[in-house]
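Take a look at the letters that make up each chain.
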There are 2 protein chains.
Amino acid sequence: MAEAIRHDKTSRQLRMLSDALDSGRLGPVRRLVNTLSPAEIGNLLESLPPAKRAVVWGLVDPEDDGEVLVHVGDEVRESLLADMDPDEIIAAVEDLDIDDLADLVEDLPDTVIDEVLKSMDRENRDRLEQVLSYPEDTAGRLMNPDVVTVRADTTVDVVLRFLRLRGELPEHTDHLYVVSRRRQLLGWVALQNLVTHHPNTPISHLIDDSLTALRVDESAESVARQFSDHDWVSAPVVDSTNELLGRITIDDVVDIIREQAEHQALGAAGLDEDEDLFSPIRRAVRGRVVWLGINLATAFLAAFVIGRFEATIEQIVALAVLMPIVAGIGGNAAVQVLTLMVRGLALGQVGASNASILLWKELRVALINGLLIGGLVGAVAWIWFGDGLLSAVITTALVINFCSAALAGTLVPLLMKRMNIDPAVAGTVVVTAVTDVMGFFSFLGLATVILMR
Amino acid sequence: MAEAIRHDKTSRQLRMLSDALDSGRLGPVRRLVNTLSPAEIGNLLESLPPAKRAVVWGLVDPEDDGEVLVHVGDEVRESLLADMDPDEIIAAVEDLDIDDLADLVEDLPDTVIDEVLKSMDRENRDRLEQVLSYPEDTAGRLMNPDVVTVRADTTVDVVLRFLRLRGELPEHTDHLYVVSRRRQLLGWVALQNLVTHHPNTPISHLIDDSLTALRVDESAESVARQFSDHDWVSAPVVDSTNELLGRITIDDVVDIIREQAEHQALGAAGLDEDEDLFSPIRRAVRGRVVWLGINLATAFLAAFVIGRFEATIEQIVALAVLMPIVAGIGGNAAVQVLTLMVRGLALGQVGASNASILLWKELRVALINGLLIGGLVGAVAWIWFGDGLLSAVITTALVINFCSAALAGTLVPLLMKRMNIDPAVAGTVVVTAVTDVMGFFSFLGLATVILMR
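Note on numbering: residues in each chain are counted from 1, in written sequence order. Written order determines the labels here, with chains lettered from A and ligands numbered from 1. This being a predicted model, a pLDDT of at least 70 is required before a residue's local features are given, and a value of 80 or more before pairs of side-chain atoms are given or counted; all residues contribute to the totals for chains, interfaces and linings. The side-chain numbers reported here are obtained from all heavy atoms of the structure, hydrogens and water having been left aside.

In the annotation of an unreviewed UniProt entry, chain A is listed under the name Magnesium transporter MgtE and assigned to Novilysobacter selenitireducens. UniProt positions are given in the numbering used here, feature names are shortened, and annotations may be inferred rather than shown by experiment. Checking UniProt for chain A, the heading Sequence similarities (unreviewed entry) contains the comment "Belongs to the SLC41A transporter family."

Structural data, given as C-alpha cells:
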C-alpha cells in the first residue's frame, strides 16, 4: 500500500511529462525537469524511451548535466554522452568532485579526457590521477582527496577561526581529521564536539582514536559493510603507512549498497545491473542470449537423461505427464536453499565452521518437505492414474530430489565461493540443472526398475 | 576477488570464535566479541547455531545488549529474548533511542513493556507513545523525536553558546532546525555553516529553506528514495500543519535499503527476509512448504496440459524427451523480463505511459531470441531424431513460448502492481506457470496437429 503511494507519485510525474512531450509543449517539461534533483532527473531519463530521452536531456539545466551523468547506469550514460558535443561534456564534468569524475572518466571519449585534464588545475589533476591509480571497487577509487585536517596542539577557538577563513567545507563533513606533520592520521574530531565545547578546549581532548580508518586497498563491499556496522557518515582512507589519503562519504556507500542489491536480483536472472530498460534490440538480444544458451545446455542434459528412458515412457505414458512435477518442485526447493546460502555468504555468516551444521539442517528440512509434498503428489497420482506402485515411485523420487536440492543448494554456493565464482549469478543454473537431472533420473529410473518388471 | 578478502576476514573471526567455543575457553571469546560493534555482534550471532549462539549471547557486554537486539532479524531476536529474564531485558532496552525502542517494543513480552514504560521519564514515554501511534513502515515510526531547534532571530554566536550549554547533540546531527514559536518548521541550518561563519552572522542568513521536509505519513520506501536522491544525512519530519515532530537519520535509511534488497532477493524464492539461517526445523518447514505447495499447484496445471496429449506422446515418445526444453527455456526468458520490470517498478521507472513501448520492445527481443534459440534446438532435434517436421514443430513452439514469456513477463507485474500484489514475491510463480502451460500446450498441440496426421 505504502509503496503504491510513492509509485503513484513518480508515475504521475512521468505521465505529466509524457503528455507534455507528446503535445510538444517543451516549456512545461523544462520547468518540471528542473525542479528535480540530479538523481531524480537521472531516474526519469532511465524511464524514457530513446527519442523522448534525448529531448528531455536537451532541456536539463547544463549546470546539472555532470551530476545527472554520475547518477545513471552505464548503458544510459553512453546514450546521453552520445548526444553531447565535446565542449558540452567538458563543461558538464569539470566542476564535479574528484570521486565522481573518477567514476565517470572511463566512459568519456579519449579526446575529451585530455581536454578535461588540461582544464583542471595542477592540484586537482594530481588528485584525479591518484584516485584513478587504484583499482575499481576499492576504497581508493571511492574516496575524495578533499579533506579538512587540523593539528592536535591547538584549541577549539583556533580551529573555528581557521574554518571561518577557509569558508565552505566539503559535503558531508562531520569530522575533521587530526594529522601529524607528515600527514599521518592521529584521530578525528566530530564537528559536533567543536560546537558543544568551550573555545579554550584543546583539540587533543576531543580526539576520537577508537575507530580504525579504512585501508586504501579495501574492497567496496567491505567499505559498505563497515559503514553500516558502525553507522558512519564519513570515514578516512589511509595507506599502509597510515598517511591520510582522503575520505569516503555515506552517499557513495548508499550507491554501493543499491548496486549490490541490484546485482543479486538481476544477476540471478543472468542480467547486467547496468542494463537500460530501453536498450536497443540488438544489445538486449546479445545481453540475454548467452544466459539462455547456458540454460539451454542444461536443458539438453536433462533431455538426454529422459532419452535414456524412452522405452519406459513408451510403456507407461503417465510418467511423461508426471515427470515435470518431480523436476520442477525440486528446482524450487533448491533455489530456496541457494538463496538463503547466498545471503549468508554475502553477510559473511556462512563459512567452513558452520557449513556442516547448515547442510544437516537443510537435509532434515528437505526430508520432511519431501515426505509432505511427495506424499501429496503420490496421493493425487494414485487418484489420477489408479496405480499404487506409480504413486510410491513418484513419492520416493520426490524425497530423493528434495535431498538432492538440499545438497546442491548448500554445497554449490560454497564451492563457487571457493572457486571465486559469484553464486548470486551462477548458482541458479547449476542447482536447477542438478535437480532437473536428478528429478528425471530418479523418477524414470525407479519406474524402470519397479514398474517394468 | 575483492569480496573474497572481506569474506575471509569474517570467516576467520568466525573460525577463531568457533574453535575457542569448542575448546570451552570462554575468556578469549568474551574478549573477541567485545571488540566488535553491536551490528557486528548481531551478524555474528546470526551465523551461530542455537547452542553456541546462547553461549556467546551470554558473554556480550550487557551495555551492548540493547543495540545488538536492534541489529538482528526478527527470528533471531526472538531466540535471544527467550534467553533473557525480564530485568535483563529492561536494563538492555531502557537506554535505547526512541526510534530503536519503537522498533523493538512489539517483540517484547507485555509485562516487560509495562516495566520499560514505567522506568522512563514522562517526556520520553510520551515520545515513545507518539512514535508508536504511527503505522509501521512510515516516516512517523522511523523518526526520532529528539531534535535540536533554534530560532531565526538570533546569531551564530548565541547558538554556539546555547549548544555549549546543552552539551552532547543527538547522533548524526548535521543540521539544526529553525522553528517558529509554535514549532512550525521554517528551515534548517547546517552545522557546517555555523562553524564557517562569523559569530555575528544572523541565523536568518544561514537558513536553507529550499528542501521540503518529510511528511509523517510518508512510506519508508519513499523516505529511502528521497534520502538517496538528495544525498541527505538527516531530514526533518513534519505533520500536515508543518509542525516539526522529529527527524530521520541515514543509519536507519541504510537499514531500510538493505531490507528492501533482501526482500526482493528472498521474496522471489518465497522466503521471509527475517528467516534465521538456523531456524528450528519445524519453523523452516512451515516457512517453505506453503510456497512449494503453490508451485506444486502450477506444476499440476502443467501436468494436466500434458495429460491431454497422452495419445500423442504414446505415438511419438521423442516429444516427452524434448518438451521440458520448451517449457524450461521459456521460463528462463520470462524471469529475465520479469526481473527487469520489477526493478523498473520499484524505481518508479515503469508506468502506464511507457508500458506499451516496453511490451513492444520485449516482444521484438523475444521474437529474435526465439528464432535463435528455437533454430538451434530445432537443428539439434533434427540431428538427434532425424525428423524435419519434429524439428519445425519445436522451433515454432519455442518462438511461441518466447512471445508468451515476453507478454507474461511484462504484463503480470504491471497487473500485480495495480492489484497491490508484490510482483517481487508473486511474479515468478505466475510467469513460469504461464510459460510451462504455453510451452507444453504449443509443443504438444502443434505436434498433434502436424505430426499425427
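Moving on from the model shown.
Student: So what's going on with the packing of helix α7 (residues 86-93) of chain B against helix α9 (residues 110-119) of chain B? Which residues, and what values?
Tutor: All names here are of chain B. Where α7 contacts α9, the two axes come as close as 10 Å, and the packing angle between them is 45°. Taken together, the axes of α7 and α9 lie oblique to each other. Crossing geometry of α7 relative to α9 is assigned as right-handed. Contacts between α7 and α9 pair Pro-86, Ile-89, Ile-90 and Val-93 from the former with Val-112, Glu-115 and Val-116 from the latter. In the contact of α7 with α9, the residues fall into six nonpolar, no polar and one charged. Axes here mean lines fitted to C-alpha atoms, for a helix over just the part in contact, with angles spanning 0 to 180 degrees between N-to-C directions. A run of DSSP states H or I qualifies as a helix once it reaches four residues; a run of E qualifies as a strand once it reaches two. Both are numbered from the N-terminal end. In this scheme, roughly parallel covers angles under 35 degrees and roughly antiparallel covers those over 145, while 65 to 115 is roughly perpendicular and the rest are oblique. Here a crossing is taken to be left-handed if its near helix is turned anticlockwise relative to the far helix by less than a right angle, and right-handed if that turn runs clockwise. Contacts are assigned to residue pairs with any non-hydrogen atoms lying within 4.5 Å of each other. Each residue gets one of three labels, nonpolar for Ala, Val, Leu, Ile, Met, Phe, Trp, Tyr, Cys and Pro, charged for Asp, Glu, Lys and Arg, and polar for the others, Gly among them.

Student: Got a sec to walk through the pattern of salt bridges? Specific residues and values, please.
Tutor: In a structure, side chains of opposite charge can pair up when their charged atoms sit close to one another. Residues and elements named next belong to chain A. For this document, the term salt bridge refers to a Lys or Arg side-chain nitrogen within 4 Å of an Asp or Glu carboxyl oxygen. Per the stated rule, a full pass over the model turns up 34 salt bridges over all chains. Here Lys-118 ties to Glu-115 by a salt bridge, and the two come within 3.7 Å at their closest N and O atoms. Here Glu-115 and Lys-118 lie together in helix α9 (residues 110-119), a separation of three residues that amounts to about one turn. Looking at Lys-118, the relative accessible area reads 62%, which means it is exposed. Summary of the burial criterion: residues with accessible area below 20% of their type's maximum are buried, those above 50% are exposed, and those between are partly exposed, where the area comes from a 1.4 Å probe applied to protein chains only. The exposure class assigned to Glu-115 is partly exposed, which follows from its relative accessible area of 38%. Salt bridges sharing common partners tie together Asp-74, Arg-77, Asp-103 and Asp-107.

Student: So what's going on with the UniProt feature "transmembrane region" (unreviewed entry) in chain A? Residues and values would help.
Tutor: Residues and elements named next belong to chain A. Look at the UniProt record and you will see "transmembrane region" (unreviewed entry) annotated at residues 289-309, 315-342, 363-385, 391-412 and 424-452. Taken end to end, residues 289-309 is 90% helix and 0% strand, and its two terminal C-alpha atoms sit 30 Å from one another. Each end of residues 424-452 is marked by a C-alpha atom, and these two atoms are 42 Å apart; helix forms 97% of the span and strand 0%.

Student: Could you give me a rundown of the side chain of Asp-239 of chain B, with the residues and numbers involved?
Tutor: Residue and element names in this part refer to chain B. Among the structural elements, Asp-239 can be located in the loop between β5 (234-238) and β6 (244-249). Residues scored as charged are limited to Lys and Arg (positive) and Asp and Glu (negative), so that His and the chain ends carry no count. In this structure, Asp-239 is buried with no salt-bridge partner, the nearest side chain bearing the opposite charge being Arg-215 at 7.0 Å. For the purposes of these results, a polar contact is taken to be a pair of N or O atoms within 3.5 Å, where, inside protein, one atom must be able to donate a hydrogen and its partner to accept one; residues adjacent in sequence count only when each atom of the pair is a side-chain atom. Within polar-contact distance, the side chain of Asp-239 engages the side chain of Thr-241 at 2.8 Å. Excluding residues that lie within four positions of it along the chain, Asp-239 makes contacts with Arg-215, Val-216 and Leu-245.

Student: So what's going on with the relation of the copies chain B and chain A? Residues and values would help.
Tutor: Least-squares fitting of one copy onto the other uses the C-alpha atoms of those residues that reach a pLDDT of at least 70 in both copies. For the pair chain B and chain A, the superposition axis carries a translation of 0.0 Å, the fit reaches an RMSD of 0.0 Å, and the rotation angle comes to 180°. Each copy turns onto its partner about a two-fold axis. A high fraction, 99%, of the interface residues of chain B reappear at the interface in chain A, so the copies pair face to face through one surface.

Student: So what's going on with helix α15 (residues 220-230) of chain A? Residues and values would help.
Tutor: All names here are of chain A. Along α15, 10 of the 11 residues are buried, which leaves the element largely enclosed by surrounding structure. Those residues of α15 not exposed but buried are Ala-220, Glu-221, Ser-222, Val-223, Ala-224, Arg-225, Gln-226, Phe-227, Ser-228 and Asp-229. Following α15 by one or two positions, Asp-231 adopts a phi angle in the positive range, close to 55°.

Student: Explain the pairing of strand β6 (residues 244-249) of chain A to me, and be specific about the residues and the numbers.
Tutor: Residues and elements named next belong to chain A. β6 sits mainly inside the fold: six of its six residues count as buried. When DSSP finds two or more bridges between a pair of strands, those strands are recorded as paired. Judged from the five bridges that link them, strand β5 (residues 234-238) and β6 form a sheet pairing that is antiparallel. Following the sheet pairing, Pro-236 is matched in β6 by Arg-247. If you look at the hairpin formed by β5 and β6, you'll find five residues sitting between the two strands, and Asn-242 has a positive phi there, around 70°.

Student: So, a negative patch on the surface: which residues are in play, and what are the values?
Tutor: Residue and element names in this part refer to chain A. Patch building starts from residues that exceed 30% relative accessible area and form no salt bridge, then joins like charges within 9 Å and nonpolar side chains (Val, Leu, Ile, Met, Phe, Trp, Tyr) within 5 Å. Using a 1.4 Å probe, the Shrake-Rupley method yields the accessible areas, and only the shown protein chains count as cover for residues. By convention, charge coordinates are those of NZ in Lys, CZ in Arg, CG in Asp, or CD in Glu. A cluster of acidic residues, Asp-61, Glu-63, Glu-94 and Asp-95, forms a negative patch at the surface. Tracing the chain through its elements places Glu-63 in helix α5 (residues 62-71). For Glu-63, a relative accessible area of 71% puts it in the exposed group.

Student: Give a detailed account of the sheet that holds strand β4 (residues 214-215) of chain A, specifying residues and quantitative values.
Tutor: Working definition: the strands of a sheet are paired by backbone hydrogen bonds and lie parallel or antiparallel to each other. Sheet architecture is open: three strands sit in the order β4-β5-β6 (chain A), paired in mixed fashion. Single-partner strands in this sheet number two, and they are β4 and β6 of chain A.

Student: Which residues make up the sheet that holds strand β3 (residues 185-190) of chain B, and what are the values?
Tutor: All names here are of chain B. An order of β1-β2-β3 is seen for the three strands of this open sheet, with the pairing classed as mixed. What marks the edges here is a single partner per strand, and that holds for β1 (149-150) and β3. Relative to strand β2 (residues 175-179), β1 runs parallel, the two being bridged by two bridges. Opposite Val-150, over in β2, you have Val-178 as the bridge partner.

Student: Can you tell me about a nonpolar patch on the surface, naming the residues and giving the values?
Tutor: All names here are of chain A. On the surface, Leu-407, Leu-411, Leu-415, Met-419 and Ile-421 cluster together into a nonpolar patch covering about 450 Å² of accessible area. One can find Leu-407 in helix α21 (residues 388-418). Of the residues examined, Leu-407 reaches a relative accessible area of 38% and is grouped as partly exposed.

Student: Give a description of the packing of aromatic side chains that names residues and reports values.
Tutor: Stacked, tilted and edge-to-face are the three classes applied to pairs of Phe, Tyr and Trp rings, where Trp contributes its six-membered ring and a pair requires centres within 6.5 Å; stacked means planes under 30 degrees apart, edge-to-face means over 60, and tilted covers the rest. Taken as a whole, this structure holds eight aromatic pairs over all chains when the rule is applied. On the numbers, 6.3 Å between centres and 80° between planes, the contact of Tyr-177 of chain A with Trp-188 of chain A is edge-to-face. Separated by 11 residues along the polypeptide, Tyr-177 of chain A in strand β2 (residues 175-179) and Trp-188 of chain A in strand β3 (residues 185-190) bring together distant segments of the chain. According to the relative accessible area criterion, Tyr-177 of chain A is buried, its value standing at 1%. The interplanar angle of 15° and the centroid separation of 4.9 Å between the aromatic rings of Trp-384 of chain B and Phe-385 of chain B together place this pair among those described as stacked.

Student: Hey, could you go over the interface of chain B and chain A for me, with residue numbers and the actual values?
Tutor: Each partner contributes residues to the interface: chain B has 125 residues there, and chain A has 124 residues. As a working definition, buried area equals the accessible area (1.4 Å probe) given up by two parts on being put together, with both sides summed. Carbon and sulfur atoms supply 65% of the area buried between chain B and chain A, which totals about 12,000 Å² over both sides. Counting every contact that joins chain B to chain A gives 26 residue pairs in polar contact (both at pLDDT 80 or more). Residue contributions to the side of chain B that touches chain A peak at 17 residues, all from helix α20 (residues 352-385) of chain B. Residues belonging to the side of chain B that touches chain A are distributed by class as follows: 65 nonpolar, 34 polar and 26 charged.

Student: Please provide a residue-by-residue account of the environment of Gln-264 of chain B, values included.
Tutor: Residue position: Gln-264 of chain B is located in helix α16 (residues 250-267). When the C-alpha atoms of Gln-264 of chain B and Leu-59 of chain B are compared, they prove to be 35 Å apart, with 205 residues separating the residues in sequence. When near neighbours in sequence (up to four residues on either side) are disregarded, Gln-264 of chain B contacts Ala-265 of chain A together with Val-342, Arg-343 and Ala-424 of chain B.

Student: I'd like to hear about the UniProt feature "domain: CBS" (unreviewed entry) in chain A, residue by residue, with values.
Tutor: Mapped onto this structure's residue numbering, the UniProt feature "domain: CBS" (unreviewed entry) falls at residues 143-210 of chain A. A distance of 21 Å separates the end C-alpha atoms of residues 143-210 of chain A, which is 31% helix and 19% strand.

Student: A description of helix α8 (residues 98-105) of chain B should follow, citing residues and the corresponding values.
Tutor: An α-helical turn contains 3.6 residues, so any two residues separated by three or four positions project in the same direction. Summarising burial for α8 of chain B: seven of the eight residues are buried, a large majority. Taken as a whole, α8 of chain B has its buried residues at Ile-98, Asp-99, Asp-100, Leu-101, Ala-102, Leu-104 and Val-105 of chain B.

Student: I'd like a rundown of the nonpolar core, residues and numbers included.
Tutor: As used here, the term nonpolar core means buried Ala, Val, Leu, Ile, Met, Phe, Trp, Tyr and Cys residues forming a set that is joined through side-chain atoms within 4.5 Å. Membership of the largest hydrophobic core comes to 95 residues, with the highest contact counts inside it found for Met-323, Ile-325 and Phe-443 of chain A together with Met-323, Ile-325 and Phe-443 of chain B. Beyond its immediate stretch of four places on either side in the chain, Phe-443 of chain A contacts Leu-319, Leu-322, Met-323, Val-326, Leu-390, Val-393, Ile-394 and Ala-397 of chain A.

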